[in-house]
Amino acid sequence: MSETGNRLRKLLESPNFDPQTYVKQLSQQSDGDRDLQEHRQKIQNLADETAQNLKKNVYKNYRQFIETAKEISYLESEMYQLSHILTEQKSIMESITQALLSTDKDETSKEMQAAFPKETEEVKQRTLTSLLEKVEGAKNIMDTPGRHLVYNGDLVEFDVDNMSPIQKVHAFLMNDCLLVATWLPNRRGTVKYKYNALYDLESFAVVNVKDNPPMKDMFKILMFPDSRIFQAENSKVKKEWLEILDETKKNKVSKDRHKKEEEVPTSPVRSEVSTNPFDLEDDELADAEESVELGLEWIQELPEDLDVCIAQRDFEGAVDLLDKLNEYLKDQPSTQKVKELRSKVDERVRQLTEVLVFELSPDRSLRGGPKATRRAVSQLIRLGQSTKACELFLKNRAAAVQTAIRQLRIEGATSLYIHKLCNIFFTSLLETAKEFEMDFAGNTGCYSAFVVWSRSAMKMFVDAFSKQVFDSKESLSTAAECVKVAKEHCQQLTEIGLDLTFMLQSLLVKDIRAALQSQKDIIIEATKHRNSEEMWRKMNLMTPEALAKLKEEMHSCGISFQQYTGDGCWVNLSYTMVAFTKQMMSFLEEGLKLYFPELHMVLLESLREIILVAVQHVDYSLRCEQDPEKKAFILLNVTFLHDTVLPVVERRFEEGVGKPAKQLQDLRKSTRPVRVNPDSTTSLV
């Protein structure tokens, strides 16, 4: 760049630059218009150069962005592989640890059985009594006969919501209940704990909490509708708690079943078959309890695995686990344990559904197009939420389309804006339709919702279209061009079997009717104004070029004009008739571009009213004119209007619409001119 350009750049980039002061100084220093033009050109060159530099920087950064996105994708893939390897290693280590703990426990159990004989019921009760003496407020617990201690130990309770430690507790597991006592900060004698809660073994469920460092060695006690989380000293103690709790619950269920069987009266002569259907139902449920195997490791850890999948946004993995469980329980009876498991799983399904719904909400990022919603939509469909998935998908796409239209800048010519608007809207609609067909291929009931959504989306498009084209009072030719563009883009949807042309026409018909009537009124007013100044003189175009241009314009309208040209640059028609012909043919062509079947009578009546104004004018002029030469000239214009212009209008209308213009034919027949005596006042029949 030249030295002058560099000085100008530095001046404009200065932080203290004041445009008003700069323009004022420039005006004072300039010698005239030429200096200002030269300075303007320098500023324009600098602006163009700056725009080019910005464009280059954008392209450069865009390439870097693409490369960064690719690197992130590769890194994500590698991290996923690393996570998979770590998960496998963790499962191997856990299996080895479980095997070692099981061996140690078996050996310890054998040693304990050899060293100590089996405790009697009296000894167990005595042990429980001595322990409960250390618990404040637990005197009435021993009132239940046969209750004895099974296991006890210290635990730390954590908050269920934020996983923060709450307090240290001591748990007493008895053969029919679980006592939780808190540690006393100020001990009084032998009393070390304070009564906190007592749970019947049948009123709660025990769930293993998967280790997620630093949160480890935990298990959860579920008491509908609440739950509590406890942490053991180490993994070995946690395993003992889980196994002993499970075994104690089973022993209680078995003991209660035997007690019921002993209470049933039996006859020494013959056994009676119970006629009570509910007794049979209880027996069947008891047998079913034994037949359904829910002790498998993957079933025990299923709720925790679902929590992990939801937290890691592994939606596919969560739904796969649910499908696996449903397949396993498909033919199994609905026992109490199955119902408990179902209640735990249903809570996770609700959480998973909420997360997927949030993924599809319009509040999330709308970038990525319809394909970005495929993951959440497919998992909702697998969960049996097809209707909700369809509703959320369409709401998401409606918000995306509305945002894209709102962000479209209104600049330059209206036709340029409409080209961009149509390209954005119909491309989005086409992509949405294809993605919808792919996602909901097996759910034909959702297609009606898509049709309803398409109408609402089309209405949103027409609102933006009409606001720019019709509300801003653009010319009829511009409006016709814009409507033509919209029609062409709408036709692209037919390639996927979606035809919204009728919907587009029905939404635009009101604005187009108003535009046609407004343009008709303008033409009629202009024609009347020219008629009022009519002198009935031949038209002199002054130059052969102007005459050639007029011939070309008439030829493009389909009008034979050669016979009405005179010597030199003269035309044997009045200026009023030529201007009327050009204006009416232009209105006809633009009207045919805007034509819908609903607008047939509107366009036809508008043409009829425009033609009638010209016919009435020449009729009045013939009757009032006394000069024979002018009268002959007027009659020549009448012949041009009747024999040349009107047949072309009728033929062009029929070609564009496909129907004959009967009203125009009747008008032409009713105004047929006749050769008359120049002195006569009769002109038209």
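An unreviewed UniProt entry annotates the protein as Exocyst complex component 8 of Oryzias melastigma. Note on the protein: under the UniProt heading Sequence similarities (unreviewed entry), the record states "Belongs to the EXO84 family." Per its UniProt entry, the protein bears the Function (unreviewed entry) comment "Component of the exocyst complex involved in the docking of exocytic vesicles with fusion sites on the plasma membrane."

## Points about helix α10 (residues 336-360)
With 25 residues, α10 extends 36 Å from end C-alpha to end C-alpha; this agrees with the ideal 36 Å at 1.5 Å per step. Residues Val-338, Leu-341, Lys-344, Val-345, Arg-348, Leu-352, Thr-353, Leu-356, Glu-359 and Leu-360 constitute the buried set of α10.

## Here's the deal with the environment of Lys-510
Positionally, Lys-510 belongs in helix α16 (residues 501-532). For the pair Lys-510 and Leu-599, spaced 89 residues apart in sequence, the C-alpha separation works out to 9.3 Å.

## Section: helix α12 (residues 386-407)
Counted at 1.5 Å a residue, the expected span for α12 with its 22 residues is 32 Å, and the 31 Å between its end C-alpha atoms agrees. Every buried residue belonging to α12 is among Ser-386, Ala-389, Cys-390, Leu-392, Phe-393, Leu-394, Asn-396, Arg-397, Ala-399, Ala-400, Val-401 and Ile-405, and all of these are buried.

## Concerning the packing of helix α13 (residues 414-439) against helix α15 (residues 476-491)
In the contact formed by α13 and α15, the axes pass within 10 Å of each other and the chain directions differ by 15°. By the angle between their directions, the pair α13 and α15 is classed as roughly parallel. The hand of the α13/α15 crossing is right-handed. Counted together, Thr-414, Ser-415, Ile-418, His-419, Cys-422, Asn-423 and Phe-426 of α13 and Thr-478, Cys-482, Val-485, Ala-486, His-489 and Cys-490 of α15 form the full contact between these two elements. In the contact of α13 with α15, the residues fall into seven nonpolar, six polar and no charged.

## Some remarks on the nonpolar core
Across soluble globular proteins, nonpolar side chains have a tendency to be buried as a group. Core analysis: the largest hydrophobic core is formed by 121 residues, its most contacted members being Met-458, Phe-461 and Phe-465. Among the elements that line this core, the one with the most residues is helix α20 (residues 628-657), at twelve residues. Both domains that furnish three or more residues to this core are identified here as domain 3 (297-447) and domain 4 (525-671). For Phe-465, the contacting residues outside a window of four places in its chain are Ile-418, Leu-421, Phe-470, Cys-482, Val-483, Ala-486 and Leu-508. Listed in part, the 20 residues of the second largest apolar core include Phe-219, Met-223, Phe-230 and Ile-244.

## Quick notes on the pairing of strand β6 (residues 205-209)
Of the two faces of β6, the one holding Ala-205, Val-207 and Val-209 is buried and the one holding Val-206 and Asn-208 is not buried anywhere. Pairing geometry for β6 and strand β7 (residues 218-223), over five bridges, is antiparallel. Bridging from a neighbouring strand, Val-207 pairs with Lys-220 of β7.

## A few points about the pattern of salt bridges
Considering all chains together, one arrives at 23 salt bridges under this definition. Of the charged contacts, one joins Arg-382 and Asp-323 as a salt bridge, the two residues approaching to 2.7 Å between their closest N and O atoms. Here the residue Arg-382 occupies a position in helix α11 (residues 374-382), and Asp-323 occupies one in helix α9 (residues 315-328), the gap between them amounting to 59 residues. Accessibility expressed as a relative area gives 33% for Asp-323, which makes it partly exposed. Through salt bridges that share partners, Glu-202, Lys-252 and Asp-256 make up one connected network.

## Notes on the layout of surface pockets
Put simply, the second largest pocket is a space of about 2,100 Å³. Forming the walls of the second largest pocket are 50 residues, and the residues nearest its centre are Glu-304, Asp-305, Asp-307, Val-308 and Cys-309. Breaking the lining of the second largest pocket down by element, the ones donating at least two residues are α3 (33-115), β6, β7, β8 (226-231), α8 (302-311) and α10. Per element, the largest residue contribution to the lining of the second largest pocket is eleven residues, and it comes from α3. Looking at the lining of the second largest pocket residue by residue, the class counts come to 20 nonpolar, ten polar and 20 charged. When residues of the lining of the second largest pocket are sorted by domain, at least three fall in each of domain 2 (121-260) and domain 3 (297-447).

## Comments concerning the side chain of Arg-530
Secondary-structure assignment places Arg-530 in helix α16. Buried and without a salt bridge, Arg-530 has Glu-534 as its closest oppositely charged side chain, separated by 7.6 Å. In contact with Arg-530, not counting residues within four places along its chain, are Tyr-575, Thr-576, Ala-579, Phe-580 and Gln-583.

## Things to note about the environment of Ser-428
Inspection of the secondary structure puts Ser-428 in helix α13. Accessibility expressed as a relative area gives 14% for Ser-428, which makes it buried. A C-alpha to C-alpha distance of 8.4 Å links Ser-428 and Arg-397, two positions 31 residues apart in sequence.

## Here we look at the packing of aromatic side chains
Applying the stated criterion to the full structure yields 19 aromatic pairs. Here Phe-393 and Phe-436 contribute two aromatic rings whose centre-to-centre distance is 6.2 Å and whose plane-to-plane angle is 40°, an arrangement assigned as tilted. Separated by 43 residues along the polypeptide, Phe-393 in helix α12 and Phe-436 in helix α13 bring together distant segments of the chain. For Phe-393, a relative accessible area of 0% puts it in the buried group. Exposure remark for Phe-436: the relative accessible area of 1% places this residue in the buried category. Through pairs of rings, three or more aromatic residues link up here, namely Phe-393, Phe-436, Phe-440, Tyr-447, Phe-450 and Trp-453. The lysine or arginine in question, Lys-249, covers the ring of Phe-204, its NZ or CZ lying 4.9 Å from the ring centre.

Parameters and conventions
- Residues numbered from 1 in each chain as written.
- Predicted model: local features only at pLDDT ≥ 70, side-chain atom pairs only at ≥ 80, totals over all residues.
- Heavy atoms only, no water.
- UniProt positions renumbered as here; feature names shortened; annotations may be inferred.
- Helix = DSSP H or I, 4+ residues; strand = E, 2+ residues; numbered from the N terminus.
- Expected span 1.5 Å × (residues − 1).
- Buried < 20%, exposed > 50% of the residue type's maximum accessible area, 1.4 Å probe, protein only.
- Axes fitted to C-alpha atoms, helices over the stretch in contact; angles between N-to-C directions.
- Parallel < 35°, antiparallel > 145°, perpendicular 65-115°, else oblique.
- Left-handed = near helix turned anticlockwise from the far one by under 90°.
- Contact = heavy atoms within 4.5 Å.
- Nonpolar A, V, L, I, M, F, W, Y, C, P; charged D, E, K, R; others polar.
- Core = buried A, V, L, I, M, F, W, Y, C linked by side-chain atoms within 4.5 Å.
- Domains from an automatic or database assignment.
- Pairing = 2+ DSSP bridges.
- Salt bridge = Lys/Arg side-chain N within 4 Å of Asp/Glu carboxyl O.
- 1 Å grid on protein atoms, 1.4 Å probe; cavity = no way out; pocket = protein on both sides within 12 Å on 5 of 7 lines; lining within 4 Å.
- Points joined across faces, edges and corners; volume = space filled by probe spheres on them.
- Lys, Arg positive; Asp, Glu negative; His and termini not counted.
- Phe/Tyr/Trp six-rings, centres within 6.5 Å; stacked < 30°, edge-to-face > 60°.
- Lys NZ or Arg CZ within 6 Å of the ring centre and 35° of its normal.

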